[in-house]
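Listed below are the residues making up each chain.
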Amino acid sequence: MDTERAEGIVLRRQPVTESSLIVTWYTREFGKLKTLAKGARRAKGPFQGKIDLFYRDEIVFLPSKRSDLHLLHDCFLENPHARLRKSVASLTAASYACELVELATEQEDPNAQIYELLVKILELLERRHDGVPLIWFEIQLLAAAGWKPKWEGQTGVNRVLRSLSAASMEGMKRVRLSADQVDEGRRAVWLFWETHIGRVPRTRRFLDEKIR
C-alpha cells in the first residue's frame, strides 16, 4: 500500500496500549487526522522525542481503507515549540488553541487557512500569551471554519471585536486591551461559539485564572 505524507501539529495524544498511542494531528494536506503510533510509548521506540503536544512534524502514514485511524509509518520533527512549556500561562494558551481547532473541524476535511492560523498562533504564544492573541485567534478560526461573526451594534466590545476580526496578525500584535476589555471580548466570542458550535472547550475554565 502506498504511503501519504503530510505536515501536521499534534492536537492530542491518547494511550491505547502499554506501548502505543493514538495521535490526533491537524495537517495542512488532510485537515484533522488520526494515526496509530505503534511503539510510541516505549523509551527506545521509533517515535521517541518526535510526538508531543504542539509538536510540528512531517509525517508519513499508511492510509486505512476501513476506518479513519491510519498507521503512522515515520515522523520527522520540525518544531517542538519548546518555549510553550516554559510557563503555565503559555501551556494553557496553546492547549486552548489546539482544543479549539479540534472542536471546530471535521475529520479529514482539509483547510489550509486553519492550518496556517494554528502554526502562527503557536509561534506567537511562545513569546506572548495575554488575552488578545487568543480572542483574535478564536475569531479568525470561526471565520475560517465557516462561522464568521459580524459583531453588529455600536457597543464598545463589538467595536473591539470588529477591529480584531479585520486585523492581520501583525495588526493584532499592536492591540492592547485592559483586563475588563479582555473579559468582555472573551464572553462575547464564547457566547457566539456556544450558540453556533455548542461544544465547550474543557481548557476554557483555566483561562480566567492564568491569562488576562
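Just above sits the structure.
Every chain is numbered independently, its residues counted from 1 as its sequence is written. Where local features are concerned, this predicted model is filtered to residues with pLDDT of at least 70; where side-chain atom pairs are given and counted, the filter is 80 or more; whole-chain, interface and lining totals use all residues. Here the side-chain values reflect all heavy atoms present in the structure, with hydrogen atoms and water set aside.

Caption draft 1: Here's a closer look at the pattern of salt bridges. Salt bridges are identified by distance alone: a Lys or Arg side-chain nitrogen within 4 Å of an Asp or Glu carboxyl oxygen. Considering all chains together, one arrives at 14 salt bridges under this definition. R28 serves as the salt-bridge partner of E7, at 3.0 Å between the closest nitrogen and oxygen. With E7 in strand β1 (residues 4–15) and R28 in the loop between β2 (21–27) and β3 (31–37), the pair connects residues that are 21 residues apart, well separated along the chain. Working definition: with a 1.4 Å probe on protein chains only, accessible area under 20% of the residue-type maximum means buried, over 50% means exposed, and in between means partly exposed. The class of E7 is buried, set by a relative accessible area of 15%. Judged by its relative accessible area of 31%, R28 is partly exposed. One continuous salt-bridge network, built from bridges that share partners, spans E7, R28, R56, E78 and E116. For the purposes of this entry, the term helix denotes a DSSP run of H or I that reaches at least four residues, the term strand denotes a run of E that reaches at least two, and both are numbered from the N terminus.

Caption draft 2: Broad picture of the packing of helix α1 (residues 88–104) against helix α2 (residues 112–125). Interhelical geometry of α1 versus α2 gives an angle of 175° and a closest axis separation of 10 Å. Judged on the interaxial angle alone, α2 and α1 are roughly antiparallel. Where α1 approaches α2, its residues S90, A93, A94, A97, C98 and V101 are matched on the opposing element by I114, L118, I121, L122 and L125. When residues are grouped by polarity, Ala, Val, Leu, Ile, Met, Phe, Trp, Tyr, Cys and Pro land in nonpolar, Asp, Glu, Lys and Arg in charged, and all others, Gly among them, in polar. For the contact of α1 with α2, the residue count by class is ten nonpolar, one polar and no charged. With axes taken as lines fitted to C-alpha atoms, and helix axes fitted only over the stretch in contact, angles between N-to-C directions fall between 0 and 180 degrees. Under this scheme an angle from 65 to 115 degrees is roughly perpendicular, one under 35 degrees roughly parallel, and one over 145 degrees roughly antiparallel; angles in between are oblique. Only heavy atoms enter the contact rule, under which two residues are in contact if any of them lie within 4.5 Å.

Caption draft 3: How the structure looks around the environment of A97. Topologically, A97 is positioned in helix α1. On the basis of relative accessibility, which here comes to 0%, the residue A97 falls in the buried class.

Function-wise, these values are silent; they only describe arrangement.
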